[in-house]
Amino acid sequence: MTDDNIVVWHNSYSIGIPLIDEQHKELIRLTNQLFASCVAGRESSKASFMETIRGAVDYIGYHFSTEEKVMERVNYPDYLSHKKEHTKFVKEVLIEVDDFKSGRSFVPNAFVHFLKNWVLAHIAVCDKKLGEYLINLKKSGSLQGITLRVKQEANGQRLVIR
Ligand SMILES: [Fe+2]
């Protein structure tokens, strides 16, 4: 871990589903990128921080929609409560972004720590539970043949849950 990183990927964060693990790694990378633009501490870093936040918000939306599509596709029993966690988090992030844009009481460091803590706690509880459910489905053969389409930026990509 360098001074510019507040979080590093650890194998214990894996939920056993490569598609989702890869996206979680990207979330961690974005959190570190935000942290790096915080510690830069220069006035000029405001623009880069805003740009990084925008990228992070977009990616968070993309990642949540991936998980939600997977949950819907497999009729995940905790879909609604899991989705509610996502929605609540996005709302909180957008409030912070708004505070930042308008120059209200926004503390970049506190925001990045909030982001890091939320992501790790969410992976450890909600996403692990989803991972276990998917792994059990996989073991019972119920995931066979299931694919889902996730639109990634400009080009549509076919992603396999397995
Ligand atoms: Fe999630």
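See above for the structure.
Bear in mind the structure is a predicted one, so any value in this text is a computation, not a measurement.

## Quick look at the overall build of the protein
Now for step 1: What the protein contains, in helices and strands, is 4 helices and 2 strands.
Now for step 2: The order of α-helices and β-strands along the protein, N terminus first, is α-α-α-α-β-β.
Now for step 3: In the protein, which comprises 162 residues, the proportion classed as buried is 21%.
Now for step 4: Sequence-distant contacts, at least 24 apart, represent 67% of the contacts inside the protein between residues at least 6 apart.

## Focus on helix α3 (residues 79–102)
Now for step 1: Here α3 is 24 residues long and its end C-alpha atoms lie 35 Å apart, about the 34 Å a rise of 1.5 Å per residue gives.
Now for step 2: Count one or two residues on from α3 and you reach Gly103, which has phi positive near 75 degrees.

## So, the environment of Ala56
Now for step 1: Inspection of the secondary structure puts Ala56 in helix α2 (residues 45–73).
Now for step 2: Distance in space between the C-alpha atoms of Ala56 and Thr31 is 7.8 Å, their sequence separation being 25 residues.

## Some thoughts on unusual backbone geometry
Now for step 1: Notably, Asn75 is not glycine yet its phi reads approximately 50 degrees, a positive angle.
Now for step 2: Structurally, Asn75 can be placed in the loop between α2 and α3.
Now for step 3: Overall, Asn75 belongs to the exposed group, with 8 C-beta atoms counted inside 10 Å.

## Thoughts on the packing of helix α1 (residues 18–39) against helix α4 (residues 108–139)
Now for step 1: In contact at an axis separation of 9 Å, α1 and α4 are set at 165 degrees when each is read in the N-to-C sense. Put simply, α1 runs roughly antiparallel to α4. As for the relative orientation of α1 and α4, their crossing is left-handed in sense. Contacts from Ile20, His24, Leu27, Thr31, Leu34, Phe35 and Cys38 of α1 reach α4 at Pro108, Asn109, Val112, Leu115, Lys116, Val119, Ile123 and Asp127.

## Some remarks on the packing of α3 against α4
Now for step 1: Interaxial distance between α3 and α4 falls to 11 Å at its minimum, and their mutual angle equals 170 degrees. Judged by the inter-axis angle, α3 sits roughly antiparallel to α4. Residue-level contacts link His82, Glu85, Phe89 and Glu96 of α3 to Phe111, Trp118, His122, Cys126 and Leu130 of α4.
Now for step 2: A class-by-class count of the residues in the contact of α3 with α4 yields 5 nonpolar, 2 polar and 2 charged.

Conventions and cut-offs
- Residues numbered from 1 in each chain as written.
- Predicted model: local features only at pLDDT ≥ 70, side-chain atom pairs only at ≥ 80, totals over all residues.
- Helix = DSSP H or I, 4+ residues; strand = E, 2+ residues; numbered from the N terminus.
- Buried ≥ 20, exposed ≤ 12 C-beta atoms within 10 Å, placed from the backbone.
- Contact = placed C-beta atoms within 7 Å.
- Expected span 1.5 Å × (residues − 1).
- Axes fitted to C-alpha atoms, helices over the stretch in contact; angles between N-to-C directions.
- Parallel < 35°, antiparallel > 145°, perpendicular 65-115°, else oblique.
- Left-handed = near helix turned anticlockwise from the far one by under 90°.
- Nonpolar A, V, L, I, M, F, W, Y, C, P; charged D, E, K, R; others polar.

Treat this as a map of the structure, not an account of what it does.
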